[in-house]
Amino acid sequence: MDNKQAALELGTKPVGGLLMQYALPAIVAMTASSLYNIIDRAMIGQMVGPEAIAGLGITFPFMNLSGAFGAAVGVGASTCISVKLGQKDYKTAEHLLGNTVTLNLIIGFLFMAVCLIFLDPILRFFGASEVTLPYAREFMVVILLGNMVTHMYFGMNAVLRAAGKPRHAMYATLFTVGMNILLVVTFVWWLRWGIRGAALATITSQTMALCWQMRIFSNPKELLHLKRGIYKLRAELVRNIIAIGISPFLMNATACVIVIFMNNQFVRYGGDMAVGAYSIANSVVMVLFMFVMGMNQGMQPIVGYNYGAEHYDRMFRCLWLTIASATTILLIGWSLSMLFPNAIARVFTTDQTLIDMAARGIKLNMLVFFVVGSQAVITNFFQCIGKVKISIFLSLSRQLFLLLPMAYVFPLMWGLDGVWYSMAASDFGSFAMTLPLLWWYMKKLKRR
């Protein structure tokens, strides 16, 4: 009864308190995760060298592509579960949990096998040079061997939030981050295992957290728990998961394509050091964007539940609060990045050339970064209510329709700076496209 009550509160408690209840654990978890990434990259840059930072930047497309498949299952399943809980259909929600486990195992294994077979050609296609290829390969071999664990870990965390357990999802992430930092210090600094040690720390900590998650879902007293008869894939459930998960999948897959293209553009106009600067600037952006992702994760079960229960006033109230919070957070981060770019770059490296290049990249990349929050929240909102086509269009607008052509044209006029300018220009363009679509949908819903 306590677990059912936790789900029912999504449709009864004040929206502002609910959003904080669900978003704060996610923000804490996501921020801790991003801080770990900074510590990871900083230690690699300080202990191994600037070439290792550039090599790590080459692996971003791999991480995005892996995340794309994980998001297709995790986000799709958690959204479907939220809607079913709102409709009081607990049996279907439980079968969605079982199908999530099966899909993660299948997709995680296939991705690992294919990528390991063609690892070197893929890394060269992603922009690796003779200098950066050994670092990128050493890191990705370990990450790919643990790919099934990574998929399952993120999928189970998404289901925990959908099942009314945001704090448990936070605890899992905080444990992973804390253990990760401890193992990175041990493997990279003490044992001197280099970039391979950083990858091994990531997989080991995720494996330990996954064991705890599975222990929670093995408890028969939980509203959603693992049991016989729920693991066989059902065509209808898989279609629903993929239909909703296709939007974050395309967003992450497109990000993979964009990072490949951007890495090659940076190599072309600035060399390996420019790729290292992009890696540093991207890390800063991700730290700030993790706050927005935390807000989106907190919003998802509330919007999904109330949409399923047809409480549209609560659904929109949650949307506006999330937009306001995300925009405020990014304004603060934007101000700090504009004021202290050199200090931020020095965290990652002692190489003065890389510091200067990264500091300029941070400022140019984040010229209008504060508008990204509302665009990301609105895109996630359409995903939460199952408006897949709109969500896909908005997901692709920033990266595929705007950034890709801009990143090709702008450097022809402004060289290396043009690559940085293209990111800021696409941020503003996608923001301008998002607001009219939300206004149109609100009018349509009011008429209905």
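Note: the structure precedes this text.
Starting from 1, residues in each chain are numbered consecutively following that chain's sequence as written. Local features in a predicted model are, by the rule used here, given only for residues with pLDDT of at least 70; side-chain atom pairs are given and counted only at 80 or more, and totals for whole chains, interfaces and linings are based on all residues. Neither water nor hydrogens contribute to the side-chain values; these are computed over all heavy atoms in the structure.

> I tried to follow the overall build of the protein chain on my own but got confused; where do I start?
Strands here are runs of E lasting at least two residues and helices are runs of H or I lasting at least four, both read from the DSSP assignment and numbered beginning at the N terminus. Scanning the protein chain for helices and strands turns up 18 helices and zero strands. Just to be clear, the radius of gyration here is over C-alpha atoms, and the globule rule we use is 2.2 Å times residues to the power 0.38. For a compact globule of 448 residues, the expected C-alpha radius of gyration is about 22 Å, and the protein chain comes in at 21 Å, within 12% of that figure. Overall size of the protein chain, expressed as C-alpha extent along the three principal axes, is 60 × 50 × 35 Å. To sort residues, take the accessible area from a 1.4 Å probe on protein chains only and compare it with the maximum for the residue type: under 20% means buried, over 50% means exposed, and anything in between is partly exposed. Taking all 448 residues of the protein chain together, the buried fraction comes to 58%. Here, residues are in contact when the closest pair of their heavy atoms is within 4.5 Å. The long-range share in the protein chain, meaning contacts at least 24 apart out of those at least 6 apart in sequence, stands at 82%. Shrake-Rupley sampling with a 1.4 Å probe provides the accessible areas, and residues are treated as covered by the protein chains on show and by no other component. With an accessible surface of roughly 17900 Å², the protein chain has 68% of that area assigned to carbon and sulfur atoms. Positive residues here are Lys and Arg, negative ones are Asp and Glu, while His and the chain termini are left out of the count. Lysine's charge is taken at NZ, arginine's at CZ, aspartate's at CG and glutamate's at CD. A gap of 11 Å separates the mean positions of the 34 positive and 18 negative side-chain charges of the protein chain.

> Got a minute to help me understand helix 15 (residues 352-365) in this structure?
An α-helix turns once every 3.6 residues. As a result, residues three or four positions apart point the same way. Expected span of a helix: the number of residues minus one, times 1.5 Å. For helix 15, with 14 residues, the first-to-last C-alpha span of 20 Å sits near the 20 Å given by 1.5 Å per residue. All of the buried residues along helix 15 are Leu354, Ile355, Ala358, Ala359, Gly361, Ile362, Leu364 and Asn365. On its buried face, helix 15 sits against helix 3 (50-58), helix 12 (272-308), helix 13 (312-339), helix 14 (341-346) and helix 18 (416-447). Between N or O atoms, a polar contact is any pair within 3.5 Å; within protein, one atom must be a potential hydrogen donor and the other a potential acceptor, and residues adjacent in sequence are included only when both atoms are from side chains. In this structure Asp351 caps helix 15, since a side-chain oxygen of it lies 3.2 Å from the backbone nitrogen of Thr353.

> Looking at this structure, I do not really get the layout of surface pockets. What am I missing?
With a probe scaled to a water molecule rolled over the atoms, the places where space remains empty come into view. A cavity here means a set of 1 Å grid points, computed over protein atoms only, where a 1.4 Å probe fits but cannot escape. A pocket is an open set with protein on both sides within 12 Å along at least 5 of 7 lines, and lining residues have an atom within 4 Å of a point. Grid points are joined across faces, edges and corners, and a volume is the space filled by probe spheres set on the points. Size it by volume and the largest pocket reaches roughly 250 Å³. Along the wall of the largest pocket there are 13 residues; nearest its centre are Val284, Val287, Leu288, Gly333 and Leu336. Counting only elements with at least two residues in the lining of the largest pocket, the list comes to helix 12 and helix 13. By residue number, the principal contributor to the lining of the largest pocket is helix 13, which donates five residues. Along the lines of polarity and charge, the residues of the lining of the largest pocket split into 11 nonpolar, two polar and no charged. For this classification, the nonpolar set comprises Ala, Val, Leu, Ile, Met, Phe, Trp, Tyr, Cys and Pro, the charged set comprises Asp, Glu, Lys and Arg, and every other residue, Gly included, is treated as polar.

> What is the right way to look at the packing of helix 3 against helix 12 in this model?
When two helices pack together, their arrangement is given by the angle between the helix axes and by the axis-to-axis distance. Running from amino to carboxyl end, helix 3 crosses helix 12 at an angle of 70 degrees, the nearest separation of the two axes being 8 Å. Taken together, the axes of helix 3 and helix 12 are roughly perpendicular relative to one another. As for how helix 3 packs across helix 12, the hand of that crossing is left-handed. Here Pro50, Ile53, Ala54, Gly57 and Ile58 of helix 3 lie close against helix 12, whose contacting residues are Asp272, Met273, Val275, Gly276, Ser279 and Ile280. Lines fitted to C-alpha atoms define the axes, with helix axes restricted to the stretch in contact, and inter-axis angles between N-to-C directions lie between 0 and 180 degrees. Here is the rule for angles: anything less than 35 degrees is roughly parallel, anything more than 145 is roughly antiparallel, 65 through 115 is roughly perpendicular, and the remaining ranges are oblique. Each crossing is labelled by how the near helix is turned from the far one, with a counterclockwise turn of less than a right angle marking it left-handed and a clockwise turn marking it right-handed.

> Mind showing me how you'd approach the pattern of salt bridges here?
Once their charged atoms are close, side chains differing in charge can pair, the charge on each being opposite to the other. Here a salt bridge means any side-chain nitrogen of Lys or Arg lying within 4 Å of a carboxyl oxygen belonging to Asp or Glu. Applying the stated criterion to the full structure yields eight salt bridges. Ionic pairing is found between Asp417 and Arg360, a salt bridge with its closest N-O pair at 2.7 Å. Note that Asp417 is positioned in helix 18 and Arg360 in helix 15, a separation of 57 residues in sequence.

> Mind showing me how you'd approach the nonpolar core here?
Burial of nonpolar side chains together is a common tendency in soluble globular proteins. As used in this record, nonpolar core signifies buried Ala, Val, Leu, Ile, Met, Phe, Trp, Tyr and Cys residues forming a set joined through side-chain atoms within 4.5 Å. Within the largest apolar cluster, 129 residues are counted, with the highest numbers of intra-cluster contacts made by Phe62, Leu123, Phe266, Met299, Phe381, Phe382 and Trp420. Broken down by element, the residue count for this core peaks at 17 residues, all from helix 12. Dropping the residues within four chain positions of it, Met299 is found in contact with Leu19, Cys318, Leu319, Thr322, Val377, Asn380, Phe381 and Cys384.

> Is there a simple way to explain the packing of aromatic side chains in this structure?
To describe a pair of aromatic rings, you give the distance between the ring centres and the angle between the ring planes. A pair of aromatic rings is counted whenever rings of Phe, Tyr or Trp (Trp by its six-membered ring) have centres within 6.5 Å, and the orientation is called stacked for planes under 30 degrees apart, edge-to-face for over 60 and tilted otherwise. Enumeration according to the criterion identifies 18 aromatic pairs in this entry. With a centroid separation of 5.7 Å and an interplanar angle of 40 degrees, the aromatic rings of Phe316 and Phe381 are classed as tilted. Of this pair, Phe316 sits in helix 13 while Phe381 is found in helix 16 (residues 372-384), placing the two residues 65 residues apart along the sequence. Summarising the burial analysis for this pair, Phe316 and Phe381 share the class buried.

> What exactly am I supposed to notice about the environment of Leu19 here?
Mapped onto the elements of the fold, Leu19 is located in helix 2 (residues 15-47). In this structure, the C-alpha to C-alpha distance between Leu19 and Asn263, residues 244 residues apart in sequence, is 37 Å.

> I keep staring at the state of the cysteines and nothing clicks. Help me out?
In a disulfide, the sulfur atoms of two cysteines are held together by a covalent bond. Any cysteine sulfur atom paired with another within 2.5 Å is treated as part of a disulfide. Applying the stated criterion across every chain yields a total of zero disulfides. With no disulfide of its own, Cys318 lies 8.4 Å from the sulfur of Cys384, the closest cysteine sulfur.

> Explain the packing of helix 16 against helix 17 (residues 388-414) here, please?
Helix 17 packs onto helix 16 with a crossing angle of 155 degrees between their chain directions and a minimal axis gap of 8 Å. Classified by the angle between their axes, helix 16 and helix 17 sit roughly antiparallel to one another. Considering the relative orientation of helix 16 and helix 17, their crossing is left-handed. Packed against helix 16, whose contacting residues are Gln375, Ile378, Thr379, Phe382 and Gln383, the element helix 17 presents Ile390, Ser391, Leu394, Ser395 and Ser397 at the interface. For the contact of helix 16 with helix 17, a count of residues per class yields four nonpolar, six polar and no charged.

> I keep staring at the side chain of Thr176 and nothing clicks. Help me out?
Looking at where Thr176 falls in the secondary structure, it is placed in helix 9 (residues 166-190). Separated by 3.1 Å, the side chains of Thr176 and Tyr153 make a polar contact.

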